[in-house]
Amino acid sequence: MADLVVTLNAGSSSVKFALFAATAEWPRLVVAGAVEGLGAKPRFRVDVVGEKASERKLAAKLTHRKAIAEIFKWIEGAYPAATISAIGHRVVHGGLRFSAPVIVDAETLAALRAFIPLAPLHQPHNLAGIEGACEAFPHVPQVACFDTAFHRGHAFVDDAYALPYSYYEKGLRRFGFHGLSYEYIARRLRIIDPIHAEGGVIVAHLGNGASLCALKGGRSIATSMGFSALEGLPMGTRCGEIDPGLLLYLLESEGMTPEELSHLLYERSGLLGLSGVSHDMRALESSDEPRADAAIAYFIHRIKMEIAALTAVIGGLDALVFTAGIGERSPRIRAGVVEGLGWLGLALDATANARNDSLISSTQSRIPVFVTPTDEEAMIARHTIEIAGLSVAAR
Ligand code: ADP
């Protein structure tokens, strides 16, 4: 039997997991699931490939560690004969040091803990996932896969802030995130459109978190997120691009504490803050509130601006790809962006767009526009199989 790989994605209110069979071509999904609603009403959701999804409630006040133990207990119960050969983890921050996935040992774990101040909202949960998995499977290799790693090859001009150079040397840089998603899309595009994949491509990862990445030859050249996951596009609840002078004003003149400012920028801004309706694009699109429309218009406006800026960075655009929740499923957002970039040679096929087809540009379009579902879990599984050196079976 092929080796089985578990992927874990431990976030603030959920722990997602998946089980993959290691195959010679691409990891084959066996089951995906999650413990969701941590801190509120936890639920255990399981979606076995080819079967009906199921969900059950879990005890309130479930900690992350207990959620992880619950997941492993379920896997062992559901697949008693299976051998878990490696566990792959999504880790948001790999700092300057990690530009590729690594097998986690005590020294690596200590290094990853040192990055907690760089990603205080995500990194502690990611590490709790690794610790929980080490406890449950002490002899199984644990592989950390980083959201920042794909962007570590950026040129100085795309990596730096114009602060004194010593800050750059200290590592205060534009790290960028969503790297596993971009890496997956870059690989998919090589299959979907190998010729354009070698050129300049912009990928719009539009989910609750949103960013753009400019690729050349499948490598990340620049991205809209920077030192933190706040920079760039406005998101569900995050502000995106903002004048740092405004932040100084809030701290100095309005007497905000750093905690209040952090809460404002991460939790109360973006689509939610602008609309006063919701952080959720589906809710905004179905709302009659003028401010929901204004929030959508702002989102589209900023995406267009960032695409134009990134096009300049890579010296021209050969393909545009939409991915993640909004990118894969919102014809309205995609239409706003593509029609607003007509000057760049983009033209939409409205019918294909309404159907969420994989190619949504018209035959008149100078540049193809794709809708490509992302799969960060499969990317983690692929890295884990390679790094852990697992044997692979034919599909
Ligand atoms: P996350 O960043 O949490 O992984 P997702 O990639 O799942 O987020 O994207 C969530 C976003 O996708 C939400 O704003 C949601 O409203 C939006 N979305 C999902 N389906 C649709 C749809 N059919 N139309 C418009 N927006 C959608």
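Residues numbered from 1 in each chain as written. Predicted model: local features only at pLDDT ≥ 70, side-chain atom pairs only at ≥ 80, totals over all residues. Heavy atoms only, no water.

Caption draft 1: Layout of the overall build of the chain. For the chain, the count of helices and strands is 16 helices and 13 strands. Expressed as lengths along the three principal axes of its C-alpha atoms, the size of the chain is roughly 60 × 55 × 45 Å. With 395 residues in all, the chain has 54% of them scored as buried. The long-range fraction of contacts in the chain, counting pairs at least 24 apart against all pairs at least 6 apart in sequence, stands at 62%. Surface accessibility of the chain: about 17600 Å² in total, with carbon and sulfur atoms responsible for 55%. Looking at charge distribution, the chain has the averaged site of its 37 positive side-chain charges lying 3 Å from that of its 42 negative ones. (Helix = DSSP H or I, 4+ residues; strand = E, 2+ residues; numbered from the N terminus. Buried < 20%, exposed > 50% of the residue type's maximum accessible area, 1.4 Å probe, protein only. Contact = heavy atoms within 4.5 Å. Areas by Shrake-Rupley, 256 points an atom, 1.4 Å probe, with all protein chains shown as cover. Lys, Arg positive; Asp, Glu negative; His and termini not counted. Charge placed at Lys NZ, Arg CZ, Asp CG, Glu CD.)

Caption draft 2: Spatial organisation of the site of the ligand. Taken together, the residues surrounding the ligand are Gly207, Asn208, Gly209, Asp280, Met281, Arg282, Glu285, Ala324, Gly325, Ile326, Arg329 and Ser330. At 2.6 Å, a side-chain N or O of Asp280 approaches an oxygen atom of the ligand. Measuring from an oxygen atom of the ligand, one finds a backbone N or O atom of Met281 at 3.0 Å. The protein chains hide 73% of the 580 Å² of surface that the ligand would expose on its own. Of all the secondary structure elements, the ones that give two or more residues to the shell around the ligand are helix H11 (281-285) and helix H13 (324-329). With 4 residues, the single largest contributor to the shell around the ligand is H13. (Near = heavy atom within 4 Å. Polar contact = N/O pair within 3.5 Å; in protein donor to acceptor, adjacent residues only side chain to side chain.)

Caption draft 3: Region of interest: the pattern of salt bridges. For the structure on display, the rule yields 20 salt bridges. Taking the shortest distance from any N to any O, the salt bridge between Arg45 and Glu36 comes out at 3.0 Å. Classification of Arg45 as partly exposed rests on a relative accessible area of 25%. Here Glu36 falls in the buried class, since its relative accessible area comes to 18%. (Salt bridge = Lys/Arg side-chain N within 4 Å of Asp/Glu carboxyl O.)

Caption draft 4: Structural context of the nonpolar core. Counting residues in each nonpolar core, the largest one holds 43 residues, and the members touching the most others are Ile202, Leu206, Phe299, Ile303, Phe322 and Ile333. Secondary structure elements with two or more residues in this core: strand S9 (200-206), strand S10 (210-216), H11, helix H12 (290-313), strand S12 (319-323), helix H14 (331-340) and strand S13 (369-371). Per-element tally for this core: the top contributor is H12, with 8 residues. The residues contacting Ile202, other than those within four sequence positions of it, are Leu212, Cys213, Ala214, Ile307, Leu310, Thr311, Ile314, Leu317, Ala319, Leu320 and Val321. (Core = buried A, V, L, I, M, F, W, Y, C linked by side-chain atoms within 4.5 Å.)

Caption draft 5: Region of interest: the state of the cysteines. Within this structure, the stated rule accounts for 0 disulfides. In this model Cys145 remains outside any disulfide bridge; the closest cysteine sulfur is found in Cys134, 14 Å from its own. A relative accessible area of 0% places Cys145 in the buried class. Among the cysteines around Cys213, which has no disulfide bond, Cys145 carries the closest sulfur, lying 17 Å off. Cys213 sits in the buried class, given a relative accessible area of 0%. (Disulfide = S-S within 2.5 Å.)

Caption draft 6: Main features of the sheet that holds strand S7 (residues 102-103). Ordered by their spatial adjacency, 8 strands build an open sheet running S5-S4-S3-S2-S1-S6-S8-S7, and the pairing between neighbours is mixed. Lying at the two open borders of the sheet, with one neighbouring strand each, are strand S5 (54-57) and S7. Here 5 bridges tie strand S1 (residues 4-10) to strand S6 (residues 84-91), and the two strands are oriented parallel to one another. Counted as the bridge partner of Leu4 is Ile84 from S6. Its contacts with the sheet put helix H1 (residues 64-78) on S1, strand S2 (15-21), strand S3 (28-36), strand S4 (43-48), S5 and S6, and the angle it makes with S2 is roughly 25°. (Pairing = 2+ DSSP bridges. Axes fitted to C-alpha atoms, helices over the stretch in contact; angles between N-to-C directions.)

Caption draft 7: Inspection of a nonpolar patch on the surface at higher detail. There is a patch of nonpolar side chains on the surface, built from Phe156, Val157 and Tyr165 and spanning about 350 Å² of accessible area. Note on placement: Tyr165 falls in helix H5 (residues 165-169). (Patch = residues over 30% accessible without salt bridge, like charges linked within 9 Å, V, L, I, M, F, W, Y side chains within 5 Å.)

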